[in-house]
Amino acid sequence: GDPCVVGSVSSYCPLTGYCPDACTACPSGAYLEVATDSFNKHFQHMTQDACSLCPVGKWQSGSTTPAAHNSLDDCVACPVGEYGDEVGATVCKVCEEATFSSSTGSLFCEPVQPGYRVVFEDSNTARRIGETPCPVGTYSLGAENCSNCADGYIAKVAGTAACTICDSGTVPDT
């Protein structure tokens, strides 16, 4: 038969390091690191169990091309606004509601702090990539958006978590 293809595995590979036609690429979210010693390289291809799962914070697409599964480098870091909390991920999860991820390869989304709101990525409003202080006159308990103060209340500085009541006999400047 043909020599094993790097990044492929088969449960039918004999110890001599040759695969029958049944060699297939590692499944999505997995890769097979190439050994330098030729015997070990072929020996690794004996079973699908030889495939390693991509680590947390990374994912790997469903490509059927063996070369797309032959190195840890084929596991891609989750982009900003997304996270990966499981090994062997085929997709990253999107941060939701009042959470964000500001760096690639995140393992979780961070909660928005009080007085701040979510910042969305310009090109993709579904990706929450950071937080920014609520402007003067608004407040937030750590939410997706800032809220206006109720009548008779004011937020005098940016990044306010709660509005304060106006002094007796005054109204907000806004």
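Everything in this summary refers to the structure shown in the same document. These numbers were taken from a predicted model, which means no experiment stands behind them.

### Let's talk about the overall build of the protein chain
Reasoning step 1: Scanning the protein chain from terminus to terminus reveals one helix and 16 strands.
Reasoning step 2: Buried positions account for 32% of the 174 residues belonging to the protein chain.
Reasoning step 3: For the protein chain, the share of sequence-separated contacts (at least 6 apart) that also reach a separation of at least 24 residues comes to 46%.
Reasoning step 4: Roughly 9,900 Å² of accessible area belongs to the protein chain as shown, and the carbon and sulfur atoms make up 54% of that amount.

### Points about the state of the cysteines
Reasoning step 1: Applying the stated criterion across every chain, the model contains five disulfides.
Reasoning step 2: Put simply, C54 and C75 are joined by a disulfide, and their sulfur atoms are 2.0 Å apart. Between C54 and C75 the disulfide shows an S-S torsion of about -75°. By sign, it is left-handed. Here C54, found in the loop between β4 (52-53) and β5 (58-59), pairs with C75, found in the loop between β5 and β6 (76-77); they are 21 residues apart in sequence, far enough to count as distant.
Reasoning step 3: Residue classification places C54 among the buried positions, given a relative accessible area of 0%.
Reasoning step 4: With a sulfur-sulfur separation of 2.0 Å, C149 is cross-linked through a disulfide to C163. In this structure, the disulfide formed by C149 and C163 twists by about -80° around the S-S bond and is classed as left-handed. With C149 in the loop between β14 (147-148) and β15 (153-154) and C163 in the loop between β15 and β16 (164-165), this pair connects stretches of sequence that are 14 residues apart.
Reasoning step 5: Judged by relative accessible area, C149 falls into the buried class, the value being 16%.
Reasoning step 6: The thiol of C166 is not disulfide-bonded; the next cysteine sulfur, from C149, is found 8.5 Å away.

### Side note on the environment of V118
Reasoning step 1: Assignment of secondary structure puts V118 in strand β11 (residues 116-121).
Reasoning step 2: Expressed as a C-alpha distance, the spacing of V118 and R128, which sit 10 residues apart in the sequence, is 6.4 Å.
Reasoning step 3: Not counting chain neighbours up to four residues away, the residues in contact with V118 comprise E97, A98, T99, V112, R128, G130, A143 and E144.

### Description of unusual backbone geometry
Reasoning step 1: A positive phi angle is found at E97, which is not glycine, with a value near 50°.
Reasoning step 2: Mapped onto the fold, E97 is located in the loop between β8 (93-94) and β9 (99-100).
Reasoning step 3: Residue E97 is classed as exposed on the basis of its relative accessible area, which comes to 60%.

### Some thoughts on the environment of A150
Reasoning step 1: Along the chain, the position of A150 falls in the loop between β14 and β15.
Reasoning step 2: Using a relative accessible area of 48% as the deciding quantity, one classes A150 as partly exposed.
Reasoning step 3: Residues A150 and I165 lie 15 residues apart in sequence; the distance between their C-alpha atoms is 9.2 Å.

### Looking at the side chain of S71
Reasoning step 1: Note that S71 resides in the loop between β5 and β6.
Reasoning step 2: With a relative accessible area of 15%, S71 lands in the buried category.
Reasoning step 3: A polar side-chain atom of S71 sits 3.0 Å from the main-chain amide nitrogen of D73.
Reasoning step 4: Those residues within four positions of S71 in sequence are excluded, and the remaining contacts are Y31, L32 and E33.

What counts and what doesn't
- Residues numbered from 1 in each chain as written.
- Predicted model: local features only at pLDDT ≥ 70, side-chain atom pairs only at ≥ 80, totals over all residues.
- Heavy atoms only, no water.
- Helix = DSSP H or I, 4+ residues; strand = E, 2+ residues; numbered from the N terminus.
- Buried < 20%, exposed > 50% of the residue type's maximum accessible area, 1.4 Å probe, protein only.
- Contact = heavy atoms within 4.5 Å.
- Areas by Shrake-Rupley, 256 points an atom, 1.4 Å probe, with all protein chains shown as cover.
- Disulfide = S-S within 2.5 Å.
- Polar contact = N/O pair within 3.5 Å; in protein donor to acceptor, adjacent residues only side chain to side chain.

Treat this as a map of the structure, not an account of what it does.
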